[in-house]
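Commentary on secondary and tertiary structure
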Amino acid sequence: MKQESKNIRELLRIILIVTAACLVHGTMQGVHDNYGIMMTGLIPVTGIDYAGISFCIGAGALVYGFAQPFLGMIALKKSNTFVILLGIFFTITGLIATPMCRNFFSLFLFFGLVLPFGTTGLCFGIVMGAITPVLGERRAAIVSGIVQASAGIGDAIMSPGLERMISGFGIRTAMAVLVLPFLVMIPIAFWIGKTGQSHENAQKQDALKNQSLVSILKNALSDRDYRLLVIGFATCGFNMSIIESHLFSQYLSYGIPGQIASLTLTVYGIATMLGAVAVGFLGTKFPMKNVLGCVYTIRIFISLGFLFLPKTAAFAFIATTLLGISGDATVPPTSGIISHKFGPERMAVLYGFTLVGHQIGAFLSSSLGGMLVKAGMGYAPLWAVNLCLASIAAAASFSIHRS
C-alpha cells in the first residue's frame with residue numbers, strides 16, 4: 001500500500017513537472033513563432049517596410065541561436081531557474097517596447113535583439129536541461145516530444161488570438177496582453193528550480209562548473225555524429241523561418257483571406273503537437289537517427305508541393321499540416337541523441353550550439369524572403385533552396401551511427 005501511494009505521488013510529481021515545462025516553453029514559442037503576424041501590425045505603426053522588419057526578424061533569429069550556448073553555460077554555472085527568470089524579464093521588456101518604436105534603430109534593438117534574447121532564455125534546451133535530471137534519460141526521451149509539442153499549443157491558441165487582437169485593438173494592446181502569461185511564469189520558474197534540486201544533481205553540476213564553453217564544444221565537435229546533427233539542424237532553421245516569418249504573408253499573396261490564413265496556423269500548431277509527440281515515442285522504438293532522417297524527407301515533398309502545385313485554400317491547409325507534423329519533430333531526436341551521447345547536464349549547452357547553425361539558416365531565410373518579395377520574385381526561390389537543404393539534412397541524418 002505504501003509503495004502504491006509512493007508510485008501515485010511520483011506520477012503526480014512527474015505530471016506537474018511536465019505541465020510546468022510545457023507552460024513555459026509553449027508560451028515562449030507562441031511568441032517566437034508569430035513574428036510574421038506581429039509584422040502586419042508593426043508596419044503601419046512603425047512606418048518601417050516589409051524588408052526592414054524582415055531583417056529585424058532575421059537578426060532576432062541569429063540572437064536566438066548564438067545566445068543559446070552562452071545561456072546554457074550560465075545555466076550550468078548558476079541555474080536553469082536563473083536563466084528562465086532572465087528570459088522572462090527580457091521578453092516582457094521587448095513586448096512592451098516594440099510597439100512604441102518609431103524608427104529602424106529602436107525597432108532593431110527591441111524587436112531584433114531584446115525580445116529574441118528573452119525568448120532564448122525560455123527555449124527548449126534550457127527547459128529540458130532543468131527537468132531531464134529529475135526525469136531520467138528514458139522518461140526524458142518521451143517527455144521531450146511532449147514539451148516540444150507544447151509549442152503547438154502556443155501556436156494554436158496564440159496565432160488566431162494575436163491576429164484578431166491586432167485587427168481589432170492594434171499592435172500595442174495585442175503585445176501588452178502577451179505580457180500577462182509571462183508574469184504567470186515567474187512562480188512556475190521558481191517551482192521548477194526547486195523541484196530539480198537534489199544532492200546527486202548538484203554534485204554533477206559542480207563537477208561541470210569548471211569546464212569552459214570552449215572545452216565542451218571542442219569535445220562535441222570532435223564527434224562525427226554531432227557534426228552531422230549540426231548540419232541537419234542548420235537546414236531546419238531555414239525551413240522553420242519560412243513558416244514563422246513568411247508563410248502568413250505568402251498565403252495572403254495567393255489571395256487567401258487573412259482569417260483562413262491564420263486558421264491554417266492553428267492547424268499548424270495542432271500538427272506540431274501531434275508530430276512532436278509521435279516522434280518522441282517513435283524515438284524509443286526505432287533508431288533516433290532514422291526517425292530524424294524521415295522527418296527531413298517529409299520536407300522534401302512539402303517543398304516540391306509549394307513549387308509545383310496550385311496554391312488554393314485546400315493546398316494551404318494540407319501543406320501547413322505537413323509543415324506542422326515535420327516542423328518541431330526534429331527536436332526530440334536531435335536532443336535525444338545529444339543527451340544520450342554527452343549526458344543531460346551538457347544538453348542545454350550542446351543543443352544550444354546546434355541552434356547557432358539553426359538560426360543562421362533562419363536569418364538567411366527571413367532576410368532572403370524579404371529581399372525576394374521586395375524585388376518582385378515571390379516565394380518560389382525560397383522553396384527551391386529549402387528543397388536542396390532538406391535533401392542534405394536527410395542524407396546527414398541517415399548517416400549518423402546507430403543511436
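Before reading further, recall that the structure is shown in the block above.
Summarised in this report is the structure supplied together with it. From a predicted model like this one, the values you see are computed outputs, not experimental measurements.

What follows deals with the environment of Gly 369. One can find Gly 369 in helix α16 (residues 347-374). Gly 369 has contacts with His 246 and Leu 382, leaving out every residue within four places of it along the chain.

To continue, consider the nonpolar core. Grouped together as the largest cluster of nonpolar side chains are 111 residues, with contacts concentrated most on Val 31, Met 38, Phe 111, Ile 131, Val 147 and Phe 306. The contact partners of Val 31, leaving out residues within four places of it in the chain, are Met 38, Leu 95, Leu 115, Thr 119, Met 158, Leu 178 and Phe 182.

A word on the pattern of salt bridges. Across all of its chains, the model carries two salt bridges by this definition. For Arg 224, the salt bridge goes to Asp 225, with nearest N and O atoms at 3.4 Å. Relative accessible area serves as the criterion here: at 35%, Arg 224 is assigned to the partly exposed category. Residue Asp 225 is classed as buried on the basis of its relative accessible area of 2%.

Direction vectors running N to C along helix α11 (residues 224-253) and helix α13 (residues 288-308) enclose 35°, while the axes themselves pass 12 Å from each other. Helix-helix and strand crossings are classified by hand; for α11 and α13 the assignment is left-handed. Residues Leu 229, Gly 232, Phe 233, Thr 235, Cys 236, Asn 239, Met 240, Leu 247, Gln 250 and Tyr 251 of α11 lie in contact with α13, whose contacting residues are Leu 292, Tyr 296, Arg 299 and Phe 306. Residues belonging to the contact of α11 with α13 are distributed by class as follows: nine nonpolar, four polar and one charged.

Residues Val 177, Leu 180, Leu 183, Ile 186 and Phe 190 make up a contiguous nonpolar surface patch of roughly 430 Å² in combined accessible area. Its place among the elements puts Ile 186 in helix α8 (residues 171-195). In this structure Ile 186 comes out as partly exposed when scored by relative accessible area, which is 31%.

All told, the structure shown has seven cavities of 30 Å³ or more when counted by the stated rule. Estimated volume of the largest cavity: approximately 200 Å³. Lining of the largest cavity is provided by 21 residues; of these, Gln 29, Asp 328, Val 331, Tyr 351 and His 358 occupy positions nearest its centre. Within the residue set of the lining of the largest cavity, elements represented by two or more residues are α1 (2-32), α3 (50-77), α11 and α16.

Let's shift gears to helix α15 (residues 331-342). Because each turn of an α-helix spans 3.6 residues, side chains separated by three or four positions in sequence point in the same direction. Taking 1.5 Å of rise per residue, the 12 residues of α15 would be expected to cover 16 Å, and the 16 Å separating its terminal C-alpha atoms lies within 8% of that figure. Counting buried residues in α15 gives 10 out of 12 residues, a clear majority hidden from the surface. Those residues of α15 that fall on the buried side of the exposure criterion are Val 331, Pro 332, Pro 333, Thr 334, Ser 335, Gly 336, Ile 337, Ile 338, Ser 339 and Phe 342. Of the residues one or two after α15, Gly 343 is the one with positive phi, at around 95°.

Considering all chains together, one arrives at 12 aromatic pairs under this definition. On the basis of an interplanar angle of 25° and a centroid distance of 6.2 Å, the ring pair of Phe 55 and Phe 108 is categorised as stacked. With Phe 55 in helix α3 and Phe 108 in helix α5 (residues 104-120), this residue pair connects regions lying 53 residues apart in the sequence. Geometrically, the ring pair formed by Phe 306 and Trp 383 is stacked, given 3.9 Å between the ring centres and 0° between the ring planes. Residue Phe 306 is found in helix α13, and its partner Trp 383 is found in helix α17 (residues 380-398); the two are separated by 77 residues along the sequence. A single burial state applies to Phe 306 and to Trp 383, both of which are buried.

So, on to the environment of Pro 381. Turning to its location among the elements, Pro 381 is positioned in helix α17. Overall, the relative accessible area of 26% leaves Pro 381 in the partly exposed class.

Relative to each other, α13 and helix α14 (residues 313-327) sit at 160°, their axes nearing to 9 Å. Comparing the axis directions of α13 and α14 gives the class roughly antiparallel. Once α13 is placed against α14, the crossing between them reads as left-handed. Across from Val 295, Ile 298, Arg 299, Ile 302, Gly 305 and Phe 306 in α13, the residues of α14 making contact are Phe 315, Ala 319, Leu 322, Leu 323, Ser 326 and Gly 327. For the contact of α13 with α14, the class distribution of residues is eight nonpolar, three polar and one charged.

This next bit is on the side chain of Thr 120. Following the sequence through the fold, Thr 120 ends up in helix α5. Relative accessible area serves as the criterion here: at 0%, Thr 120 is assigned to the buried category. Discounting chain neighbours no more than four positions away, the residues touching Thr 120 are Val 63, Tyr 64, Ala 67, Gln 68, Leu 71 and Ile 126.

Once that is clear, we can look at α11. With 30 residues, α11 should reach 44 Å at 1.5 Å per residue; the first-to-last C-alpha distance of 42 Å fits that figure. Along its length, α11 shows its largest kink, about 65°, at His 246. With 24 of 30 residues buried, α11 lies mostly within the body of the structure. A distance of 2.9 Å separates the backbone nitrogen of Asp 225 from a side-chain oxygen at the start of α11, and that oxygen is part of Asp 223. The positive-phi residue at the C-terminal boundary of α11 is Gly 255, with phi of around 90°.

As a further point, take the state of the cysteines. For the coordinates displayed, the defined rule picks out zero disulfides. The thiol of Cys 56 is not disulfide-bonded; the next cysteine sulfur, from Cys 101, is found 8.7 Å away. In this structure Cys 236 is a free cysteine whose sulfur lies 14 Å from that of Cys 123, the closest cysteine sulfur available.

How each quantity is defined
Residues numbered from 1 in each chain as written. Predicted model: local features only at pLDDT ≥ 70, side-chain atom pairs only at ≥ 80, totals over all residues. Heavy atoms only, no water. Helix = DSSP H or I, 4+ residues; strand = E, 2+ residues; numbered from the N terminus. Contact = heavy atoms within 4.5 Å. Core = buried A, V, L, I, M, F, W, Y, C linked by side-chain atoms within 4.5 Å. Buried < 20%, exposed > 50% of the residue type's maximum accessible area, 1.4 Å probe, protein only. Salt bridge = Lys/Arg side-chain N within 4 Å of Asp/Glu carboxyl O. Axes fitted to C-alpha atoms, helices over the stretch in contact; angles between N-to-C directions. Left-handed = near helix turned anticlockwise from the far one by under 90°. Nonpolar A, V, L, I, M, F, W, Y, C, P; charged D, E, K, R; others polar. Patch = residues over 30% accessible without salt bridge, like charges linked within 9 Å, V, L, I, M, F, W, Y side chains within 5 Å. Areas by Shrake-Rupley, 256 points an atom, 1.4 Å probe, with all protein chains shown as cover. 1 Å grid on protein atoms, 1.4 Å probe; cavity = no way out; pocket = protein on both sides within 12 Å on 5 of 7 lines; lining within 4 Å. Points joined across faces, edges and corners; volume = space filled by probe spheres on them. Expected span 1.5 Å × (residues − 1). Phe/Tyr/Trp six-rings, centres within 6.5 Å; stacked < 30°, edge-to-face > 60°. Parallel < 35°, antiparallel > 145°, perpendicular 65-115°, else oblique. Bend = angle between axes of the 7 residues up to and from the residue. Polar contact = N/O pair within 3.5 Å; in protein donor to acceptor, adjacent residues only side chain to side chain. Disulfide = S-S within 2.5 Å.

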